[in-house]
Amino acid sequence: MLPPHTQPRVPRILAGLALLAIAATFLLAQIDFARRHRIGMAPEHYWRPQLLQIWLPGLGVTLVLSTLAFVLHRRARRA
């Protein structure tokens, strides 16, 4: 178990990492869109790979980190 004075730091760090994960996901999606998109190309050719390779993993990491931060924050408040 962590010492009492370090417990509030962990949820803040996890929340910060969740925020960075969502920002990085958006940035990587924009870079990928600029790389893949060509005039005359059907959107389905780049939407599906972008969704499966960038958005779902990025949003999944964000969800996990933010859930952990929330749970640890609530646990620290109850103690």
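Quantities reported herein were computed from a predicted structural model and do not represent experimental measurements. (Residues numbered from 1 in each chain as written. Predicted model: local features only at pLDDT ≥ 70, side-chain atom pairs only at ≥ 80, totals over all residues. Heavy atoms only, no water.)

Quick word on the side chain of glutamine 50
Part 1 of the argument: Locating glutamine 50 in the fold gives a position in helix H2 (residues 44-78).
Part 2 of the argument: Those residues within four positions of glutamine 50 in sequence are excluded, and the remaining contacts are Ala29, Asp32, Phe33 and Trp55. (Helix = DSSP H or I, 4+ residues; strand = E, 2+ residues; numbered from the N terminus. Contact = heavy atoms within 4.5 Å.)

What about the side chain of aspartate 32?
Part 1 of the argument: With respect to the element layout, aspartate 32 can be found in helix H1 (residues 9-36).
Part 2 of the argument: On the basis of relative accessible area, aspartate 32 is assigned to the buried category, the value being 5%.
Part 3 of the argument: Apart from the residues within four sequence positions on either side, aspartate 32 is in contact with Gln50 and Ile54. (Buried < 20%, exposed > 50% of the residue type's maximum accessible area, 1.4 Å probe, protein only.)

Section: H2
Part 1 of the argument: In this model H2 runs 48 Å from its N-terminal to its C-terminal C-alpha over 35 residues, within 8% of the 51 Å that 1.5 Å per residue would give.
Part 2 of the argument: Roughly 45° is the biggest bend found in H2, and it falls at leucine 51.
Part 3 of the argument: Within the sequence span of H2, burial applies to Tyr46, Gln50, Ile54, Gly58, Thr62, Leu65 and Ala69.
Part 4 of the argument: Of the surrounding secondary structure, the elements contacted by the buried residues of H2 are H1. (Expected span 1.5 Å × (residues − 1). Bend = angle between axes of the 7 residues up to and from the residue.)

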